[in-house]
Amino acid sequence: MLSLAISCRSSSETASQGLAKITPSETIYTLDDLKAIAFKKDQTFDVEGLTAATHAYYGLWGLDPYDRKEFEVRFYESHADAVEFEVVFADERTGPDAVIKTGETMWEEGSKEARSCARTSSNSNCHLSKYGDYVIYGNMILICQSRDSGTSLDECGELLSSLVPETGVSE
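Residues numbered from 1 in each chain as written. Predicted model: local features only at pLDDT ≥ 70, side-chain atom pairs only at ≥ 80, totals over all residues. Heavy atoms only, no water.

Taking 1.5 Å of rise per residue, 15 residues should cover 21 Å, and helix α4 (residues 149–163) covers 21 Å from first to last C-alpha, within 8% of that figure. For α4, the secondary structure elements touched by its buried residues are α2 (31–35), β3 (53–61), β4 (69–76), β7 (131–137) and β8 (140–145). Two to three positions downstream of the cap, the backbone nitrogen of Gly150 sits 3.3 Å from a side-chain oxygen, assigning the N-cap of α4 to Asp148. (Helix = DSSP H or I, 4+ residues; strand = E, 2+ residues; numbered from the N terminus. Expected span 1.5 Å × (residues − 1). Contact = heavy atoms within 4.5 Å. Polar contact = N/O pair within 3.5 Å; in protein donor to acceptor, adjacent residues only side chain to side chain.)

In any sheet, the strands associate via hydrogen bonds between backbone groups, in a parallel or an antiparallel arrangement. Taken together, the six strands give an open sheet; going across it, the order is β1-β7-β8-β4-β3-β2, and neighbouring strands pair in mixed fashion. The open sheet has two edge strands with one neighbour each: β1 (22–23) and β2 (40–45). For β4 and β8, the ladder comprises five bridges, and the chain directions are antiparallel. Bridging from a neighbouring strand, Glu72 pairs with Ile143 of β8. On the sheet, helix α3 (residues 79–93) packs against β1, β4, β7 and β8 and is oriented at approximately 140° with respect to β4. Running over the sheet, α4 touches β3, β4, β7 and β8 and is turned about 35° from β7. (Pairing = 2+ DSSP bridges. Axes fitted to C-alpha atoms, helices over the stretch in contact; angles between N-to-C directions.)

With that settled, the discussion passes to the pairing of β7. Within β7, seven of the seven residues are buried, which leaves it mostly tucked inside the rest of the structure. Strand direction decides the pairing type here: β1 and β7, joined by two bridges, are parallel. Across the sheet, the residue bridging to Ile22 is Ile136, located in β7. The pairing of β7 with β8 spans six bridges and is classified as antiparallel. Within β8, the position partnered with Val135 by the bridge is Leu142. (Buried < 20%, exposed > 50% of the residue type's maximum accessible area, 1.4 Å probe, protein only.)

Taken as a whole and judged by the stated rule, the model has four aromatic pairs. Where Tyr29 meets Tyr137, the ring centres are 6.0 Å apart and the plane angle is 55°; that geometry is what we call tilted. One end of the pair, Tyr29, is in the loop between β1 and α2; the other, Tyr137, is in strand β7, with 108 residues separating them in the sequence. Grouping residues by exposure puts Tyr29 and Tyr137 together as buried. Here the aromatic rings of Tyr57 and Phe75 are separated by 6.2 Å at their centres, their planes lie at 65°, and the arrangement is edge-to-face. Of this pair, Tyr57 sits in strand β3 while Phe75 sits in strand β4, and the two are 18 residues apart along the sequence. With a relative accessible area of 9%, Tyr57 lands in the buried category. (Phe/Tyr/Trp six-rings, centres within 6.5 Å; stacked < 30°, edge-to-face > 60°.)

What follows is the structure, given as structure tokens:
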């Protein structure tokens, strides 16, 4: 019941382009669905410790094959599972307050790939998340590259538009 309430409340929260941050769908997505739109899987992550997840991957996708963005994609048995179990993990991995330092994360897999560095004249910080935000669409979680939430959600929206054209998400 609580999951349903969270799902309904959260689905009204929208990204910068009208994309809902959490969207229910009866379709059960898999890596094959993403590969069909030219998603290039680079790594398969061990989902042990990622509560109820069935699969997790790191890969690249983009409309322009020479300008692909990085994504972390996680799959669950259902939309309800994705919402109930994933939000806390996705929140930890994304945004300016992301926790990606080894030994501090709830789920270590992929934390190295999630790191980005910023250099200043006096030092560098390699504990910044390269993922600005995420979208839960059906049973799938897309964690999308960009340091800021709006651009990251735009990247998620472009991928979803290719995967599910009827979403109507566009630039």
